[in-house]
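Next come the chains, spelled out residue by residue.
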Amino acid sequence: MPTEPKPHHSLTVLADDPQGRSLGLELPPGSLVDRPGRRWRRAPLLWISDGPVGPGVLAAYRSLPALAAAGLQAVLLQDRSGLETWWDDRDLAPERMSDPDDHHVEPVLREFWAAVVPDPGEGAEGAELIAPFGRDWPGLAAAGTPVEDPEAAAGELADELILQGVLKSPRLALVPAGRGADVLAAMGWCGPLNHENDVALISAVLRSWEERFGARVIALGFDELHVSVAAPPRTTAEALPVAAEHFAFCPDNVWQGSGSVRAYTDEAVTGSSHWAFWWD
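Bear in mind the structure is a predicted one, so any value in this text is a computation, not a measurement.

Draft legend 1. Region of interest: unusual backbone geometry. Going from A131 to P132, the amide bond is cis rather than trans, its omega being 10°. Take P132: it is sitting in the loop between α5 (123-130) and α6 (150-163).

Below, the structure is given as structure tokens:
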């Protein structure tokens, strides 16, 4: 059940203190995005910088104790051609989201898996899509072994994606949330709309990936998600169950990408410190 919005005191402070100095922050020029439909009383949903930010910025703000003390999480928001400011155009729906606390990763992924596995009538082609797995949910993948600090990995990947032009003009955003995985539900992000309308379920999976693989949400686009991984699976045997989770979580990565879970494992999961997701 959707929860009633809580007052976001830290964001409200930024209405009168745009640089956040009273919170111990030194923010670049930016503005507040209000909760959709709230006309009679201002209810800020997030803060976003007025212009793009460069390498080092996300890591710098995430390292500030004042940010955590204010109950805010820093993330990058990337625009898209024709949707330059999707966060301002009523494409956020926090009122539709439940609470990630109400969900557990195993039943969420099991239900996702059941919804996307091929029907038996699809024969050998359908079986090949999900091989070496069958129609039954294969269970959660084992946790990985960290190769670096998760926050350091997040900062490094954010910088790399900016320098490579994957994130062409990212804005810095601050969202009231207890942890990075919850940012999606807290801001009412609708990226996976054609796959799952309640993004709290997506946040529940991301929470588990934070714990098992040192994953960190670093950037959101209109329908894209970029996650850093500090404990990636190192072998094909370790990565195959992770790829099955990815297929359940974001089937378009396989359907419109690698073509099979096995191929996706080799291309995007084994040893990869960057997990990217896109929903059609």
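Next comes the rest of the account.
Draft legend 2. Highlighting the environment of S98. Structurally, S98 is set in the loop between β3 (72-77) and α4 (105-116). Residue class for S98 comes out buried when judged on its relative accessible area of 8%. Residues S98 and A186, 88 residues apart in the sequence, show an inter-C-alpha distance of 9.3 Å. A distance of 2.7 Å separates polar atoms of two side chains, one belonging to S98 and the other to H103.

Draft legend 3. Just the pattern of salt bridges, in detail. Evaluated as defined, the whole model comprises eight salt bridges. Note that R21 is salt-bridged to E26, the shortest N-O span being 3.2 Å. With relative accessibility at 52%, the residue R21 sits in the exposed group. Ionic pairing is found between R110 and E106, a salt bridge with its closest N-O pair at 3.8 Å. Here the residue R110 and the residue E106 both occupy positions in helix α4, the gap between them amounting to four residues, near one helical turn.

Conventions used here
Residues numbered from 1 in each chain as written. Predicted model: local features only at pLDDT ≥ 70, side-chain atom pairs only at ≥ 80, totals over all residues. Heavy atoms only, no water. Helix = DSSP H or I, 4+ residues; strand = E, 2+ residues; numbered from the N terminus. Buried < 20%, exposed > 50% of the residue type's maximum accessible area, 1.4 Å probe, protein only. Polar contact = N/O pair within 3.5 Å; in protein donor to acceptor, adjacent residues only side chain to side chain. Salt bridge = Lys/Arg side-chain N within 4 Å of Asp/Glu carboxyl O.

Worth remembering: the numbers are spatial, not functional.
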